[in-house]
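# Working through the structure, step by step
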Amino acid sequence: MTLLSVKDLRVTFDTEAGVVEAVRGVSFSLGRERLGIVGESGSGKTMTGRSVLRLIRPPGRIDAAEMVFDGQDLMKASEREMRALRGQRIAMVMQDPKYSLNPVMQVGAQLMEGLRQRDRLGGAEAKKKAIAALEAVQIRDPERVMAAYPHELSGGMGQRVMIAMMLIPNPDLLIADEPTSALDVTVQAEVLSILDGLVRDRGMGLIFISHDLRLVARFCDRVLVMYKGKIVEELAARDLLAAKHPYTQGLLNCLPRIGGDRGPLPGLDRTADWARA
Amino acid sequence: MAMNTSLLNGRLRMVLGFVVSLVVTIFGLLLVTFIIGRVVPIDPILSIVGERATQAQIEAARVALGLDKPLWQQFFIYVFNAFQGDLGMSIRTGEPVIDAVTRHFPATLELATIATILGVIAGVPAGVLAATRPGSMADHVVRLVGLMGYSMPVFWLGLIGLLVFYGQLGWVGGPGRLDAMYDMMYDFEVPQRTGMILLDTAFAGRWDMFANAISHIILPAGLLGYVSMAYISRMTRSFMMNELGQEYITTARVKGMPERRVIWVHAMRNVLVPLITVVALSYAYLLEGSVLTETIFAWPGLGSYITDALMVADMPAVLGGTVVVGVAFVALNMVSDLLYRLVDPRAR
Ligand SMILES: Nc1ncnc2c1ncn2[C@@H]1O[C@H](COP(=O)(O)OP(=O)(O)O)[C@@H](O)[C@H]1O
Ligand SMILES: [Mg+2]
């Protein structure tokens, strides 16, 4: 059963310096499974993920031959229809909770916002659900976290809040864009296992974006490898070691390093045929 | 519990910090005005006793004014008196400076407050409109209107405004805070609780007088409000653009929040943090800098009081008025600081 089908997706930026093609004809489809997207920094992973929510800011532009979510044509949907999908059916966990949570709003208010504004729940009921969501991401003192402001939380804590917030409406599809890249290595595994457990339990589709091929292989069924806005290879996670593409092999050989996004891969031959065009 | 006590300590430290900075600032202000008062080539005794006074008369005046004491003593007497609300006697009128100042300051405060309110009401939405549609017609209009506010010849526009809206069209009241008839009534029939006519007449339920005061204040306040709006709209635009580019905005959109809420709740709450400082600055600027407007509109505010005093070298009046403006400035700063902490949890 196909949940999301994307054909020939393109994201273009008309900048003063000229036209930048961030995504150049990406096609994939996804059921209630876990799809990984890997690639070096700047390869267009984030733009691909955000296109699905139609959240590319101008001057960015989205074009696609097809982008269908559960029978609904996302390219033709009105802004109102998109809003009904966002949060409710498609959600996204972003990279760094330090920036992705509103700094001047209490965590509780941000958690309950969807419940109160969209679902029109009363305060007590919304609070109960928010607390349950925090408990689901293994936060032990939800009351205190609800009253806190984002800057009072650690990175790992902030990302759990983000995951809890995005999972409250029980979406069908979750896009996780480098959900642990900004975290301390010590908490990365913990946050990942929480995310993985929830996605499995609730049987939702997952697009897991990362620059770390091994990580993606561990958490996903299928992997797309992106380079310069294109998919250069698609393979089942278990076949990873048999990857044929030199770029994928390059990603595999690149030992994991501590810290966030890596720059372009060193020691990779970019003069070969695949790297052109 | 641990969190609570630390919060309490934080509050206490904050209040203490405020008190200390207030005292230090006012002390410094008094020092400066004291020094100016001694340095200017105006003999305070001569202006009191006149040019044909005898040596004995001059000496008596010196003692009466405390000028025979050492400078540091004079300064402490000055500070001591000031903290008790005694800013000396006006040479020109022989009236205590504090009395004149408390009469004139409310007029300035009222004008600056209305102008600031107008500036915020017009400037914030204009800035938001421009920020959410960068490069659009609306954006260009807002920027042009803002630019004009910067280079606006207040004097000229004030006169033209009076000529057209008062002289020709008769839509607004003329110079002064009230029509002559109401001026008398205000003095005799309305309890002057605040010295601000709009408030006093509202408290007394004298809506006829209130309406008349509005018709008088609308033109000068509109003019100053325009200047304030120019600054506020420009800053709002840039703050809002900056906030709309942040990741938490994307989060709100991912959650399916409508654009109205994204802008006016999520972004605006963050815009408020720097905007408070901008509004306070613009307010302070109007409190101390509306002399020209007060002159054109015969507005009996502190600005025109100080200017008139300066013309006749009435130094106690000039310096006393300056001290009051300075205190207002410090108070405004404190309020904006408090508000700042209120809207930004990171600053607490
Ligand atoms: N506002 C923008 N203007 C121009 N180009 C942009 C803009 N935002 C992103 N891009 C381009 O899109 C490309 C892909 O970005 P992104 O999807 O964030 O990469 P990734 O997530 O794989 O690191 C980048 O190489 C960048 O050049
Ligand atoms: Mg990215």
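Worth saying up front: this structure is predicted, and the values here are computed from it rather than measured.

## A word on the overall build of chain A
Each helix and strand in chain A was counted, giving 10 helices and 11 strands. Taking 2.2 N^0.38 as the reference for a compact globule, 277 residues should give roughly 19 Å; the C-alpha atoms of chain A span a radius of gyration of 19 Å, in line with that estimate. Summarising its shape, the C-alpha atoms of chain A cover approximately 60 × 45 × 40 Å along the three principal directions. Just so you have it, chain A exposes about 12,400 Å², and 49% of that area is on carbon and sulfur atoms.

## Side note on the overall build of chain B
The secondary structure content of chain B amounts to 15 helices and zero strands. Its C-alpha atoms put chain B at 85 × 65 × 40 Å along the principal axes. Across chain B, the fraction of contacts at a sequence separation of at least 24, relative to all contacts at a separation of at least 6, is 72%. Total accessible area on chain B stands at roughly 18,100 Å², and carbon and sulfur atoms take up 69% of it. One way to put it: in chain B the 23 positive side-chain charges average out to a point 14 Å from where the 24 negative ones average out.

## Examining helix α4 (residues 71–83) of chain B
Given a rise of 1.5 Å per residue, 13 residues ought to cover 18 Å, and the 18 Å separating the end C-alpha atoms of α4(B) matches this to within 8%. Once α4(B) finishes, B:G85 follows within two positions and takes phi at roughly 85°, a positive value.

## Concerning the sheet that holds strand β7 (residues 90–93) of chain A
All names here are of chain A. With respect to topology, six strands assemble into an open sheet ordered β7-β8-β9-β3-β10-β11, the strand pairing being mixed. The open sheet terminates on both sides in strands that have one partner only, identified here as β7 and β11 (230–236). Each strand axis lies, on average, 20° off the axis of its neighbour in the sheet, ignoring direction. Of the strands in this sheet, β7 and β8 (173–177) touch helix α7 (residues 155–167), which is tilted by about 175° from β7.

## Considerations on the packing of helix α4 (residues 107–118) of chain A against helix α5 (residues 123–136) of chain A
Residues and elements named next belong to chain A. It is at 9 Å that the axes of α4 and α5 come closest, and there the two elements cross at 135°. Compared by their axis directions, α4 and α5 come out oblique. The two elements α4 and α5 cross, and the hand of that crossing is right-handed. Two secondary-structure elements touch here, α4 through L111, M112, L115 and R116 and α5 through G123, A126, K127, K129, A130 and L134. A per-class count over the contact of α4 with α5 returns six nonpolar, one polar and three charged.

## Structural notes on the site of ligand 1
Residues and elements named next belong to chain A. Close contacts around ligand 1 come from F13, T15, V20, A22, E40, S41, G42, S43, G44, K45, T46 and M47, and that covers them all. G42 places a main-chain nitrogen or oxygen 2.7 Å from an oxygen atom of ligand 1. Taking T46, its side chain carries an N or O atom lying 2.7 Å from an oxygen atom of ligand 1. Burial of ligand 1 by the protein chains amounts to 67% of its free accessible area of 560 Å². Of all elements in the fold, only β1 (4–15), β2 (18–30) and α1 (45–52) reach the threshold of two or more residues within the shell around ligand 1. Here the shell around ligand 1 gets three residues from one element, more than from any other, and that element is α1. For the shell around ligand 1, the class distribution of residues is four nonpolar, six polar and two charged.

## Remarks on the environment of A:D73
Residues and elements named next belong to chain A. Within the secondary structure, D73 is located in strand β6 (residues 72–73). The exposure class of D73 is partly exposed, given its relative accessible area of 26%. Sequence separation of D73 and Y227 is 154 residues, and the distance between their C-alpha atoms is 27 Å. Excluding residues that lie within four positions of it along the chain, D73 makes contacts with M67 and V68.

## Regarding the interface of chain B and chain A
Each partner contributes to the interface: chain B provides 25 residues, whereas chain A provides 28 residues. Looking at the side of chain B facing chain A, the largest losses of area belong to B:E247, B:V254 and B:K255, adding up to 27% of the total buried there. At the junction of chain B and chain A, the tally comes to three salt bridges. Among the salt bridges present, the one from B:R261 reaches A:E113, with a minimum N-O distance of 2.6 Å. Taken together, the elements giving at least two residues each to the side of chain B that touches chain A come down to α11 (247–254) and α12 (259–289) of chain B.

## Here we look at the domain arrangement of chain B
Residue and element names in this part refer to chain B. In terms of domain boundaries, chain B breaks down into domain 1 (2–83) and domain 2 (104–347). Summarising the inter-unit geometry, the C-alpha centres of domain 1 and domain 2 are found 31 Å apart. Between domain 1 and domain 2, the contact holds 13 residues from the first and 12 residues from the second. Both faces considered, domain 1 and domain 2 share a buried interface measuring about 1,100 Å² in area, 91% of it formed by carbon and sulfur atoms. In this structure, the connection of domain 1 to domain 2 is made through zero salt bridges. The tally of links between domain 1 and domain 2 comes to zero residue pairs in polar contact (both at pLDDT 80 or more). At 10 residues, the largest contribution of residues to the side of domain 1 that touches domain 2 is made by helix α1 (residues 2–39).

## Quick word on the UniProt feature "transmembrane region" (unreviewed entry) in chain B
Residue and element names in this part refer to chain B. Listed under "transmembrane region" (unreviewed entry) in the UniProt record, and renumbered for this structure, are residues 12–36, 111–132, 144–166, 213–232, 263–286 and 317–340. From the first C-alpha to the last, residues 111–132 spans 32 Å; its make-up is 100% helix and 0% strand. When the span residues 213–232 is considered, its composition is 100% helix and 0% strand, and the gap between its end C-alpha atoms is 26 Å.

## Description of helix α7 (residues 154–168) of chain B
All names here are of chain B. Taking 1.5 Å of rise per residue, the 15 residues of α7 would be expected to cover 21 Å, and the 20 Å separating its terminal C-alpha atoms lies within 8% of that figure. Within the sequence span of α7, burial applies to V154, G158, G161 and L162. Among the structural elements, α10 (207–244) and α13 (291–296) are those in contact with the buried residues of α7. In the segment just after α7, G170 is the residue with positive phi, at about 65°.

## A closer look at the confidence of the model for chain B
Residues and elements named next belong to chain B. Scored by pLDDT, chain B has a mean of 86; 95% of the residues are at 70 or more. Of all the helices and strands in chain B, helix α2 (residues 44–49) carries the lowest mean pLDDT, 68, while α11 carries the highest, 96. For this predicted complex, the interface confidence reaches an ipTM of 0.89, while the overall pTM sits at 0.86.

## A look at the packing of helix α8 (residues 180–189) of chain B against α10(B)
Residues and elements named next belong to chain B. Axis separation between α8 and α10 bottoms out at 11 Å; the angle between their running directions is 125°. As judged from the angle between their axes, α8 and α10 are oblique. Regarding α8 and α10, the two cross each other, and that crossing is left-handed. The segment α8 lies against α10, with Y182, M185 and Y186 engaging D208, M209 and N212. Across the contact of α8 with α10, the residue classes break down as four nonpolar, one polar and one charged.

Calculation rules
- Residues numbered from 1 in each chain as written.
- Chains lettered and ligands numbered in written order.
- Predicted model: local features only at pLDDT ≥ 70, side-chain atom pairs only at ≥ 80, totals over all residues.
- Heavy atoms only, no water.
- Helix = DSSP H or I, 4+ residues; strand = E, 2+ residues; numbered from the N terminus.
- Rg over C-alpha atoms; globule rule 2.2 N^0.38 Å.
- Areas by Shrake-Rupley, 256 points an atom, 1.4 Å probe, with all protein chains shown as cover.
- Contact = heavy atoms within 4.5 Å.
- Lys, Arg positive; Asp, Glu negative; His and termini not counted.
- Charge placed at Lys NZ, Arg CZ, Asp CG, Glu CD.
- Expected span 1.5 Å × (residues − 1).
- Pairing = 2+ DSSP bridges.
- Axes fitted to C-alpha atoms, helices over the stretch in contact; angles between N-to-C directions.
- Parallel < 35°, antiparallel > 145°, perpendicular 65-115°, else oblique.
- Left-handed = near helix turned anticlockwise from the far one by under 90°.
- Nonpolar A, V, L, I, M, F, W, Y, C, P; charged D, E, K, R; others polar.
- Near = heavy atom within 4 Å.
- Polar contact = N/O pair within 3.5 Å; in protein donor to acceptor, adjacent residues only side chain to side chain.
- Buried < 20%, exposed > 50% of the residue type's maximum accessible area, 1.4 Å probe, protein only.
- Buried area = accessible area lost by both parts, 1.4 Å probe.
- Salt bridge = Lys/Arg side-chain N within 4 Å of Asp/Glu carboxyl O.
- Domains from an automatic or database assignment.
- UniProt positions renumbered as here; feature names shortened; annotations may be inferred.
- pLDDT = per-residue confidence, 0-100.

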